[in-house]
Amino acid sequence: MTQNAVVVDDVSKKFRMYHEHNNSLKAALMRGRKSVHDDFWALNNVSFEVPAGSTFGLIGRNGSGKSTLLKCLARILQPESGTITANGRQASLLEVGSGFHPELSGRENIFLNGSILGMSRKEVTSKFDEIVAFSGVEKFIDQPVKNYSSGMYVRLGFSVAVSVTPDILVVDEVLSVGDATFQKRCRNKFQEMKKSGQTIILVSHSMSTVESMCDQVAWLDSGTLRQAGPAKGVIAAYTATV
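Residues numbered from 1 in each chain as written. Predicted model: local features only at pLDDT ≥ 70, side-chain atom pairs only at ≥ 80, totals over all residues. Heavy atoms only, no water.

1. Overview of the packing of aromatic side chains
- Scanning the entire structure with this criterion turns up nine aromatic pairs.
- Ring plane angle 85 degrees and centroid distance 5.7 Å describe the contact between phenylalanine 158 and phenylalanine 190, whose orientation is recorded as edge-to-face. In this pair, phenylalanine 158 is assigned in helix 5 (residues 150-163) and phenylalanine 190 in helix 6 (residues 180-195), connecting sequence segments 32 residues apart.
- Given a relative accessible area of 5%, phenylalanine 190 falls into the buried group.
- Judged by centre distance (5.6 Å) and plane angle (70 degrees), the rings of tryptophan 219 and tyrosine 238 are edge-to-face. Placement of tryptophan 219 in strand 8 (residues 216-221) and of tyrosine 238 in helix 8 (residues 231-239) is noted, with a sequence separation of 19 residues between them.
- You can call tryptophan 219 buried: its relative accessible area is 3%.
- Connected via pairs of aromatic rings, a cluster forms that spans Phe134, Phe158, Phe182 and Phe190. (Phe/Tyr/Trp six-rings, centres within 6.5 Å; stacked < 30°, edge-to-face > 60°. Helix = DSSP H or I, 4+ residues; strand = E, 2+ residues; numbered from the N terminus. Buried < 20%, exposed > 50% of the residue type's maximum accessible area, 1.4 Å probe, protein only.)

2. Quick word on helix 6
- Given a rise of 1.5 Å per residue, 16 residues ought to cover 22 Å, and the 23 Å separating the end C-alpha atoms of helix 6 matches this to within 8%.
- Looking at helix 6, one finds that the buried residues are Phe182, Cys186, Lys189, Phe190 and Met193. Projected down its long axis, helix 6 shows its buried positions confined to an angular sector of 105 degrees, all on one face. Seen from the buried face of helix 6, the exposed residues on the opposite side, beyond 90 degrees, are Ala180, Lys184 and Lys195.
- Residues of helix 6 that are buried in the fold lie against helix 4 (121-135), helix 5, strand 6 (168-171), strand 7 (199-203) and helix 7 (207-213). (Expected span 1.5 Å × (residues − 1). Arc of directions from axis to C-beta. Contact = heavy atoms within 4.5 Å.)

Below, the structure written as structure tokens:
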């Protein structure tokens, strides 16, 4: 039986959509009632398994719940119900500049982000040159990252994330910010990670990218799981509805 790197079991996540806010105690007393809101279920009883050593894609229209699910996987958000079990060391790259301090230099942020991801200073030092070379920001490594372009942010963040040698890497659409050269470099890195038995979970709106890179895919629609399974079949079912 194939071991699973991640098991998502009946996960639901809601957000409150406020119509009227009580912004102060005085307002609450004068109105004599609580703020009016509705519950919006971004995820509703989602379940699937991610086999260890696979590249797994999450697809769906904007607002389907993909980013919310990734944030639950990364433990940034806590589900209302259900469980997510990850077997192994995990690293996440969910948005441009996540984990970076804008006033610090690229060099300082490598050590900061590395420590957030669980690396010791000695580990970061030993991999520093490799991280910088992969990111391609050598000329700007001692400049504050607030002066970086979004592409430079992504390249440096991705370089630090993969240097952790995670068992599971969770990546959002942010890789689309990189240029063609960096895209190719990422694809090669993903292939290396897959060969070494690491698991990759990614979100992309590019079906050609998902089909060429992913073994299996989960299709989310309005917070519910429509289909999960081999990439080709799920992508065909999804594109037929678009």
